[in-house]
Every structure is written in structure tokens, then in C-alpha cells.
Amino acid sequence: RVKTKKKRHPCAILAQKFVAELVGTFFLIVTIGLAAGQDEALAPIAIAASVWCAKYCFGHVSGAHINPSVTFGAYIRGTMPIADSLVYVAGQFAGAFIGAVVSDVDLH
């Protein structure tokens, strides 16, 4: 007997991509806010590690763009439909906003 994969609803797939972009961008912005915001010498290493972790954790879900310019480039190239692009950018902006609030609260 051959097992077949159960198809997921397209909205569920987009929701997973939204959350992946939100969480990846959140951790990037928190890392930038806490490391670079305190004039740490190793801030670039911490930021690069944050991007690497996001790619490793969420690359299989959404590609881990974690930057609207990457998403815009994928849309311009024609490799991403507009609906996906808007969901990605919404997740990135939400993650960036929440990350900025968290880093600001932690620094003050």
C-alpha cells in the first residue's frame, strides 16, 4: 500500500510562510537592536549568526528572505507570485516592528 501525502490548503501554506518570515525577521531585528545598539565589537558576527540561524530554521518553509528587498527581487524576477510577496512582506514588517519594540524595551 502506497502512502500519499495529505495536501495542505494553500492558506495554511501561506500562514506557515508568514510565521517563518515574522519569526526570522524578529530575531534579526532583536539581534541588531541589542548587539549593534550597545556598540558591541562582535555585533557583525552576532548579526550574521542570526541570519544563518534564520536560513537554517526557516529556509525549507519560506526561503527565509527576512528582508523585503529580497522578496521584492524574487517578485520582479517572476519567481514569486504577488500574493506570496505580500504575505512575506507583511510577516517581515510585523516581525521587524515586534523586534524593534522588544529591543527598545530591553535597552531602556
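Being a predicted model, the structure only gives us computed values, none of them experimental. (Residues numbered from 1 in each chain as written. Predicted model: local features only at pLDDT ≥ 70, side-chain atom pairs only at ≥ 80, totals over all residues. Heavy atoms only, no water.)

Enquirer: Outline the overall build of the protein chain, supporting the account with residue identities and numerical values.
Expert: Counting secondary structure elements, the protein chain contains four helices and zero strands. Overall, the protein chain shows an N-to-C arrangement of helices and strands of α-α-α-α. Across its three principal axes, the protein chain shows a C-alpha extent of roughly 55 × 35 × 25 Å. Per-residue burial over the protein chain gives 29% buried out of 108 residues. By sequence separation, contacts in the protein chain at least 24 residues apart represent 62% of the contacts at least 6 residues apart. Roughly 7300 Å² of accessible area belongs to the protein chain as shown, and the carbon and sulfur atoms make up 69% of that amount. (Helix = DSSP H or I, 4+ residues; strand = E, 2+ residues; numbered from the N terminus. Buried < 20%, exposed > 50% of the residue type's maximum accessible area, 1.4 Å probe, protein only. Contact = heavy atoms within 4.5 Å. Areas by Shrake-Rupley, 256 points an atom, 1.4 Å probe, with all protein chains shown as cover.)

Enquirer: Give a description of the environment of phenylalanine 72 that names residues and reports values.
Expert: Mapped onto the elements, phenylalanine 72 comes out in helix α3 (residues 68–77). With relative accessibility at 52%, the residue phenylalanine 72 sits in the exposed group. Sequence-wise, phenylalanine 72 and isoleucine 45 are 27 residues apart; in three dimensions their C-alpha atoms are separated by 26 Å.

Enquirer: Tell me about the environment of phenylalanine 97, and name the residues and values.
Expert: By the element assignment, phenylalanine 97 lies in helix α4 (residues 82–107). On the basis of relative accessibility, which here comes to 59%, the residue phenylalanine 97 falls in the exposed class.

Enquirer: An account of the packing of aromatic side chains is needed here, citing residue identities and associated values.
Expert: For the structure on display, the rule yields two aromatic pairs. Relative to phenylalanine 27, the ring of phenylalanine 26 has its centre 5.1 Å away and its plane inclined at 70°; by these criteria the two rings are edge-to-face. Accessibility expressed as a relative area gives 46% for phenylalanine 27, which makes it partly exposed. When the centroid spacing of 5.5 Å and the interplanar angle of 10° are considered together, the rings of tryptophan 52 and tyrosine 56 count as stacked. A residue pair is termed a helical-turn pair when its members lie 3 or 4 positions apart in one helix, as tryptophan 52 and tyrosine 56 do in helix α2 (residues 43–62) at four residues. (Phe/Tyr/Trp six-rings, centres within 6.5 Å; stacked < 30°, edge-to-face > 60°.)

Enquirer: Help me get a handle on the packing of helix α1 (residues 10–35) against α2, residues and values and all.
Expert: The geometry of α1 relative to α2 is characterised by a closest axis approach of 9 Å and an angle of 175° between their N-to-C directions. Here α2 runs roughly antiparallel to α1, going by the angle between their axes. Packed against α1, whose contacting residues are Gln16, Lys17, Ala20, Glu21, Val23, Gly24, Phe27, Leu28, Thr31, Ile32 and Ala35, the element α2 presents Ala43, Ala46, Ile47, Ser50, Val51, Ala54, Phe58, Val61 and Ser62 at the interface. Broken down by class, the residue content of the contact of α1 with α2 amounts to 13 nonpolar, five polar and two charged. (Axes fitted to C-alpha atoms, helices over the stretch in contact; angles between N-to-C directions. Parallel < 35°, antiparallel > 145°, perpendicular 65-115°, else oblique. Nonpolar A, V, L, I, M, F, W, Y, C, P; charged D, E, K, R; others polar.)

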